[in-house]
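# Architecture and fold: a report
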Amino acid sequence: MFKYYNLSKFFSYNRATVLVAIFISFITAAIIWYAAKDYYYYLATEKFEAAVNENLNSIDKRISKYEAVLRGGIGFFHGSDYVSRQEWHDFIEALDIKKNYPGIQGVGFSKMIHLGEVAELESEMKKDGFETFSIKPSGERQEYSVILYLEPMDKRNIEAIGYDMFSEPTRRAAMETARDSAAVSLSKKVTLVQEIDSHKQSGILMYLPLYKKGSKIDTIEERRKALIGFVYSPFRMNDFMNNIVLERSILSFEVYDDQNISDKHLLYRSFEASSYVQKHHAIKTLNVNNQIWYIHFYSTKEFDNSTDTLYPLVMTTVGLFVQLFLLFIIFLLFKSRDLLKAQTKELQKLSQAVEQSPSTIVITDLEGNIEYANEAFSKTTGYLGEEAIGRNPRFLQSGKTDSEVYNDMWESLKAGKIWHGEFINLTKEGVEYIESVKISPIFQDDGTVSNYMAIKEDITDKKHSEERIYYLANFDSLTGLPNRVQLEERINYAIGTAKRNNGCFSVMFLDLDYFKEINDTLGHDAGDSLLIELGARFKSVLREIDMVSRVGGDEFIFLFLDTDVQGSSYIAKKLLQVIDSPFKLGDNELLVTASIGIAIYPVNGEDKETLFKNADIAMYRAKQEGRNRYCFYSEVYSS
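Overview of the structure. A quick note: this is a predicted structure, and the numbers were derived from the prediction, not measured.

Calculation rules
Residues numbered from 1 in each chain as written. Predicted model: local features only at pLDDT ≥ 70, side-chain atom pairs only at ≥ 80, totals over all residues. Heavy atoms only, no water. Helix = DSSP H or I, 4+ residues; strand = E, 2+ residues; numbered from the N terminus. Rg over C-alpha atoms; globule rule 2.2 N^0.38 Å. Buried < 20%, exposed > 50% of the residue type's maximum accessible area, 1.4 Å probe, protein only. Contact = heavy atoms within 4.5 Å. Lys, Arg positive; Asp, Glu negative; His and termini not counted. Charge placed at Lys NZ, Arg CZ, Asp CG, Glu CD. Core = buried A, V, L, I, M, F, W, Y, C linked by side-chain atoms within 4.5 Å. Salt bridge = Lys/Arg side-chain N within 4 Å of Asp/Glu carboxyl O. Pairing = 2+ DSSP bridges. Axes fitted to C-alpha atoms, helices over the stretch in contact; angles between N-to-C directions. Arc of directions from axis to C-beta. Parallel < 35°, antiparallel > 145°, perpendicular 65-115°, else oblique. Left-handed = near helix turned anticlockwise from the far one by under 90°. Nonpolar A, V, L, I, M, F, W, Y, C, P; charged D, E, K, R; others polar. Patch = residues over 30% accessible without salt bridge, like charges linked within 9 Å, V, L, I, M, F, W, Y side chains within 5 Å. Areas by Shrake-Rupley, 256 points an atom, 1.4 Å probe, with all protein chains shown as cover.

## A closer look at the overall build of the protein
Of the regular secondary structure elements, the protein holds 21 helices and 22 strands. Compactness check: the protein gives a C-alpha radius of gyration of 34 Å against a globular reference of 26 Å for 639 residues, more than 25% above the reference. Considered along the principal axes of its C-alpha atoms, the protein spans approximately 110 × 65 × 50 Å. With 639 residues in all, the protein has 47% of them scored as buried. When contacts within the protein are restricted to residue pairs at least 6 apart in sequence, those whose partners lie at least 24 apart make up 62%. When the 73 positive and 90 negative side-chain charges of the protein are each reduced to one mean point, those points stand 4 Å apart.

## Points about the nonpolar core
Counting 77 residues, the largest nonpolar core has Trp88, Val107, Tyr207, Phe240, Met241, Trp293 and Ile295 as the members making the most contacts within it. Examining the composition of this core, we find that 12 residues originate from one element, helix 2 (residues 15–78), more than from any other. In terms of nonpolar packing, the next biggest core, distinct from the first, is built from 31 residues, Leu481, Leu512, Ile571 and Phe632 among them.

## Section: the pattern of salt bridges
Within this structure, the stated rule accounts for 26 salt bridges. Among the charged side chains, a network of salt bridges with common partners joins Asp511, Asp513, Lys623 and Arg627.

## Observations regarding the sheet that holds strand 6 (residues 251–256)
Spatial ordering of the open sheet is given by 7-6-9-8, a layout of 4 strands whose pairing is antiparallel. Each end of this open sheet is capped by a strand with a single partner; those strands are strand 7 (266–269) and strand 8 (281–288). Looking at each pair of strands side by side, their axes are set apart by 20 degrees on average, direction ignored. As paired elements, strand 8 and strand 9 (residues 291–299) share 8 bridges and run antiparallel to each other. Opposite Ile283, over in strand 9, you have His296 as the bridge partner.

## Remarks on the sheet that holds strand 10 (residues 360–364)
One open sheet accounts for 5 strands, arranged 11-10-14-13-12; its pairing is antiparallel. Every interior strand has two partners, whereas the edge strands, strand 11 (370–373) and strand 12 (419–426), have only one. Each strand of the sheet is rotated relative to its neighbour by a mean of 30 degrees, with strand direction disregarded. The sheet strands contacting helix 15 (residues 403–414) are strand 12, strand 13 (432–443) and strand 14 (449–458), and the helix crosses strand 12 at an angle near 140 degrees.

## With respect to unusual backbone geometry
Note on backbone geometry: most residues besides glycine have negative phi, and most peptide bonds are trans. In this chain, Lys136 is followed by Pro137 through a cis amide linkage whose omega measures 0 degrees. Structurally, the position occupied by Pro137 is in the loop between helix 5 (118–127) and strand 2 (143–151). The peptide bond linking Glu151 to Pro152 adopts the cis configuration, its omega dihedral lying at 0 degrees. Assignment of secondary structure puts Pro152 in the loop between strand 2 and helix 6 (155–158). Of note in the backbone geometry, Asp562 takes a positive phi value of approximately 50 degrees without being a glycine. Position of Asp562 relative to the elements: it lies in the loop between strand 17 (555–561) and helix 20 (565–580). The exposure class of Asp562 is exposed, given its relative accessible area of 64%. Phi is positive for Arg627, close to 65 degrees, though the residue is something other than glycine. Looking at the secondary structure, you find Arg627 in the loop between helix 21 (608–624) and strand 21 (629–632).

## Side note on helix 3 (residues 85–95)
Turning to helix 3, its buried residues are Arg85, Trp88, Phe91 and Ile92. End-on, the buried residues of helix 3 take up no more than an arc of 125 degrees, which puts them together on one face. Pointing more than 90 degrees away from the buried face of helix 3 are the exposed residues Glu93 and Ala94. One or two residues past the end of helix 3 sits Asp96, with phi positive at roughly 50 degrees.

## Section: the packing of helix 19 (residues 524–541) against helix 20
Packing of helix 19 against helix 20 brings their axes to within 10 Å, and their N-to-C directions diverge by 140 degrees. Put simply, helix 19 runs oblique to helix 20. Between helix 19 and helix 20 lies a crossing whose hand is right-handed. Contacts from Leu534, Arg537, Phe538 and Val541 of helix 19 reach helix 20 at Lys574, Leu575, Val578 and Ile579. When the residues that make up the contact of helix 19 with helix 20 are grouped by side-chain class, the tally is 6 nonpolar, no polar and 2 charged.

## Brief notes about the side chain of Gln105
Note that Gln105 resides in the loop between helix 4 (97–100) and strand 1 (107–114). Excluding its chain neighbours within four sequence positions, the residues that come into contact with Gln105 are Lys98, Pro152, Asp154, Arg156, Asn157, Gln194, Pro234, Phe235 and Arg236.

## Some remarks on a nonpolar patch on the surface
Taken together, Trp33, Tyr34 and Ile418 make up a surface patch of nonpolar side chains, about 280 Å² in accessible area. When you line up the elements, Tyr34 lands in helix 2. Relative accessible area serves as the criterion here: at 46%, Tyr34 is assigned to the partly exposed category.

## What about the pairing of strand 13?
Across the 12 residues that make up strand 13, a large majority, 10, are buried. As paired elements, strand 12 and strand 13 share 8 bridges and run antiparallel to each other. Considered in strand 13, the bridge of Glu422 is made with Ser436. Counting the residues in the hairpin turn of strand 12 and strand 13 gives 5 residues, including Gly430, whose phi is positive at 85 degrees. Of the strand pairs in this sheet, strand 13 and strand 14 are connected by 9 bridges, and their pairing is antiparallel. Residue pairing across strands places Glu435 opposite Asp458, the latter belonging to strand 14. Hairpin connection from strand 13 to strand 14: 5 residues lie between these consecutive antiparallel strands, with Gly447 at a positive phi of about 90 degrees.

Here it is in structure tokens:
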């Protein structure tokens, strides 16, 4: 190409200079490679962690959804003096659990009996159509918890009818926990009676105690005396988890019910064992009712392969080639002007490769003034290259990035270190966007830094997705009010504060009167509009330190800090007044009332479960007293 010049003779006189220049080029290329490789690994890690958190949220929400099914079953029993087998079948069939609650094996009822009641129960079951019924396993025991109802009554669930769950230690431990706590309890790993195939799955069971209606259950002893039985659900773990798992192409995982990692405690594994070593992994714990699950997440081979990008190598190769070529041009300038022109053409070709990089690349001087910005910069910001050259990147600032971020950036760069972080900037049109940025110093052969190079990526859509996931996990999608997750965090904080300061606060359960009739008469859209308007009215009368949460249907829970009996009465009256104003729903004008139950900390409970339960009891007492009123847990006050 350059046949008119004796290049070998030239380089023989400048060998030391050439070697130093090449060395600096490789150092710079190494910095580019390291920065780019670390940046793309960081992006892959963020995507993996987002998938992990999404799966954890999915599992947690599904468990809460199934817990609600059991609570519905308890309510069904309390709504009647006797629930027949056919009524239980109709109730579960109406829930359509195979469609609405995939992964659940069934919903059943087990009854507590004593040794002397065995013969009578077996006789009743035989009259009910189970001609060969007997309690299994056989043998005399002081207490039994016998499965009587289990729907849907498929061939697996039929096998469970008559089984005494109290006879098996793991099941019994979970049932005793539920009985004594009056709360949902989850068992450790078991083999279900429904496992009639050769390929058996791990199983778990979820229990909720059923107490005699109207019985007092404030203490463990009272709960044990009042216990009738359990509404429960069995789960085959493979069926259960296969309906929950998200992002199968990104991750796989194992679930254990103990910190000891062994097949004894393995509940579920989403993959076949292999010799493949995953690039990303994480261990998370999830509190599922009274059980801790240890979940091991691993990236899939498919995900690892998809994140093995060639960009770092391409950028390093291009950068190194550009630098070497620039050096070549500089050396040849001493020999020929014509050679400079030829090399300039080659430089332009290589510059196009950098210019067309999918990532934004910006090079600045030591004061931060832009010396180079590629085409991706213009596409992201809306500013042309000539509009940016010579300006400091601060002209992109939105004012929403904390000043400490910039201080940390300059400290790292002046120390010769690579810095990475995020900026909230504005485009030329004033549109806000979020950038993930990695900046590295460019060193000269004497060790001094001459420039800074920034590699940027627009992550606005990713951030918005994360914010949406957070919103769905913490707020009610209909009313925008905080959900039970936020409520429980706030009430735990309130309990801790009140304990330290010997203070008090109130918890109120508010339930609309005859809300079902509104849905049935005007439709669910009208019911939703009513709930949205109610949420807005409630917020208008709350103090900044108070909280209202919609926890399901037409039920709202209020938390009023530093509020005693007198203050609670005032607030409850105000809430009833707010509700009393007519609601305009299309062409309809509705008059709505509500019933409120109030529990005061610490008089009516020193933990959130007790306060919620007692406020709920008081609310039902208000309904029994005629509705459109409020009641305290310990005494009834008419509005």
